[in-house]
Amino acid sequence: MGINPLIITCPIIGAELTKEDYPYLPAAPEELAGAAEDAVKAGATIIHLHVRDEFGKPTQRIDIFEKVSAEIRSRCECILQYSTGGAAGTLLEERCAPLQLRPEMASLTMGTINFGPDIFENSEYTIRSISEAISKYRIMPELEIFDCGMLETLYRYLKKGYIPEKFHIDFVLGVPGGMGGVVRNLIFLVDRLNHGQTWSVAGIGRFQLPLSMHAIAMGGHVRVGIEDNIYYRKGELTKSNAQLIERVVRIAKEMDRPIATLKQAKDILGL
Ligand code: KMH
Ligand code: ZN
């Protein structure tokens, strides 16, 4: 097998964390840009982006996405992937709003799940609406798969033409309410891919490291950052997104998976 560079996506903040949960949380535009720059320096090529308002609350405001994106792009080169999930309960129109800024990628979740104590609503209407906005602005979707039913939904919707033909898949495993983060679940899901899609895994909490290691071994890609996991090891908070990425980079290099350059990542994803 030839070289298969590893694409690392970094979800630098997410919508759920607070400074109480995680004291090093980057939230202001300059802090988010700094976190993205450090993540890219450590090896990430895709930045999965949520933003916060002046009060630290998750928001889908276009002006803030614009400001943070400009700040990131002035500091480093990367693929920006906007969240269309927002926080659980964010209205559909707000979830789509930042897409008009035309990032290279955007997330799109393939079904409704319990998300901890909340409901992350993604009805057929919601998915089709976000998918239409993504297509309108010629953005590459990353389809977020939280359980095997969402993969079935993807195949049904592909047949119906609800989802663009080109996409990247991200398996999100270990969310309370979604499929668990054990390795056999990842193997089961990857076995069910039948379109030769590129895929990554986002292991939540303690599953981040073992699932990353398995994805590296299986030829997939990884999502590593504090939106999904704030611990470096049990009982020890990570200092930063970059610290989590640096460990995965060390492991990947030992396993003959060089870290993808920006150009390689774009080629692999077909951007
Ligand atoms: N914050 C979660 C409810 C995404 O970014 O598209 C949804 C989420 C997924 O984070
Ligand atoms: Zn997200």
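It should be emphasised that the depicted structure is a prediction, and the values quoted were computed from it without experimental measurement.

A. Here's a closer look at the overall build of the chain. Across its full length, the chain carries 9 helices and 14 strands. A compact globule built from 271 residues should have a C-alpha radius of gyration of about 18 Å, and the chain, at 17 Å, falls within 12% of that. Taken over the C-alpha atoms alone, the chain extends approximately 45 × 40 × 35 Å along its principal axes. In the chain, buried positions account for 57% of the 271 residues. In the form shown here, the chain has an accessible surface area of approximately 12000 Å², with 52% of it arising from carbon and sulfur atoms. Averaging the coordinates of the 30 positive side-chain charges in the chain and doing the same for the 34 negative ones gives two points 3 Å apart.

B. Broad picture of the pattern of salt bridges. Taken as a whole, this structure holds 13 salt bridges when the rule is applied. A salt bridge links Glu 37 to Lys 41; its shortest N-O distance comes to 3.5 Å. Remark: Lys 41 and Glu 37 occur in helix 1 (residues 29–42); sequence separation between them is 4 residues, near one turn of the helix. Judged by its relative accessible area of 18%, Glu 37 is buried. Given a relative accessible area of 65%, Lys 41 falls into the exposed group.

C. Inspection of the layout of surface pockets at higher detail. There is about 880 Å³ of room inside the largest pocket. Along the wall of the largest pocket there are 43 residues; nearest its centre are Ile 204, Gly 205, Glu 227, Asp 228 and Asn 229. Looking at the lining of the largest pocket, the elements with two or more residues in it are strand 6 (105–109), strand 8 (118–120), helix 7 (208–218), strand 13 (231–233) and helix 8 (241–254). For the lining of the largest pocket, the class distribution of residues is 20 nonpolar, 12 polar and 11 charged.

D. Seen up close, helix 7. Buried within helix 7 we find Gln 208, Leu 211, Ser 212, Ala 215 and Ile 216. The arc enclosing the buried residues of helix 7, seen along the axis, measures out at 140°, which places them on a common side. Residues of helix 7 that are buried sit in contact with strand 10 (168–173), helix 6 (183–191), strand 11 (198–203), strand 12 (221–223) and helix 8. A positive backbone phi angle near 90° is found at Gly 219, which sits one or two residues after helix 7.

E. Looking closely at the environment of Ile 139. Along the chain, Ile 139 turns up in the loop between helix 4 (124–136) and strand 9 (140–145). Under the relative-accessibility criterion, Ile 139 is labelled buried at 6%. As a C-alpha pair, Ile 139 and Asp 118 span 21 residues in sequence and 28 Å in three-dimensional space.

F. Layout of the coordination of the zinc ion (ligand 2). Note on the zinc ion (ligand 2): its protein donors are His 48 (NE2), His 50 (NE2) and Glu 227 (OE). The metal-donor distances range over 2.1 to 2.2 Å. Counting the intervening residues between successive donors of the zinc ion (ligand 2) yields the motif H-x1-H-x176-E. Here His 50, found in the loop between strand 2 (46–49) and strand 3 (51–52), pairs with Glu 227, found in the loop between strand 12 and strand 13; they are 177 residues apart in sequence, far enough to count as distant.

G. Spotlight on the sheet that holds strand 6. Within the closed barrel, the 8 strands sit side by side as 1-2-5-6-9-10-11-12. Their pairing is parallel. Strand after strand, the sheet turns through a mean of 25° between neighbouring axes, direction not considered. As judged from the 2 bridges shared by strand 5 (residues 79–82) and strand 6, these two strands associate in the parallel manner. Across the sheet, Gln 81 pairs through a bridge with Met 105, a residue of strand 6.

H. Representation of the packing of aromatic side chains. Under the defined criterion, the tally for this structure stands at 7 aromatic pairs. Centre to centre, the rings of Phe 115 and Phe 146 are 6.4 Å apart; their planes meet at 65°, and the pair counts as edge-to-face. You can see Phe 115 sitting in strand 7 (residues 113–115) and its partner Phe 146 sitting in the loop between strand 9 and helix 5 (148–160), a full 31 residues away along the chain. With centroids separated by 6.1 Å and ring planes inclined at 50°, the aromatic side chains of Phe 171 and Trp 199 adopt a geometry described as tilted. Here Trp 199 lies in strand 11 and Phe 171 lies in strand 10, a separation of 28 residues in the sequence. In this structure, Phe 171 and Trp 199 share a single accessibility class: buried.

I. Up close: the site of ligand 1. The immediate surroundings of ligand 1 are formed by Ala 15, Glu 16, His 48, His 50, Ser 83, Gly 85, Gly 86, Ala 88, Ser 107, Phe 115, Phe 120 and Glu 227. One of the side-chain nitrogen or oxygen atoms of Glu 16 is found 2.8 Å away from a nitrogen atom of ligand 1. Note that an oxygen atom of ligand 1 is positioned 3.3 Å from one of the backbone N or O atoms of Gly 85. Calculation on ligand 1 without its partners gives an accessible area of 300 Å², and the protein chains cover 96% of this total.

Conventions used here
- Residues numbered from 1 in each chain as written.
- Chains lettered and ligands numbered in written order.
- Predicted model: local features only at pLDDT ≥ 70, side-chain atom pairs only at ≥ 80, totals over all residues.
- Heavy atoms only, no water.
- Helix = DSSP H or I, 4+ residues; strand = E, 2+ residues; numbered from the N terminus.
- Rg over C-alpha atoms; globule rule 2.2 N^0.38 Å.
- Buried < 20%, exposed > 50% of the residue type's maximum accessible area, 1.4 Å probe, protein only.
- Areas by Shrake-Rupley, 256 points an atom, 1.4 Å probe, with all protein chains shown as cover.
- Lys, Arg positive; Asp, Glu negative; His and termini not counted.
- Charge placed at Lys NZ, Arg CZ, Asp CG, Glu CD.
- Salt bridge = Lys/Arg side-chain N within 4 Å of Asp/Glu carboxyl O.
- 1 Å grid on protein atoms, 1.4 Å probe; cavity = no way out; pocket = protein on both sides within 12 Å on 5 of 7 lines; lining within 4 Å.
- Points joined across faces, edges and corners; volume = space filled by probe spheres on them.
- Nonpolar A, V, L, I, M, F, W, Y, C, P; charged D, E, K, R; others polar.
- Arc of directions from axis to C-beta.
- Contact = heavy atoms within 4.5 Å.
- Donors = N, O, S within 2.8 Å, 3.2 Å for Na, K, Ca; no water.
- Pairing = 2+ DSSP bridges.
- Axes fitted to C-alpha atoms, helices over the stretch in contact; angles between N-to-C directions.
- Phe/Tyr/Trp six-rings, centres within 6.5 Å; stacked < 30°, edge-to-face > 60°.
- Near = heavy atom within 4 Å.
- Polar contact = N/O pair within 3.5 Å; in protein donor to acceptor, adjacent residues only side chain to side chain.

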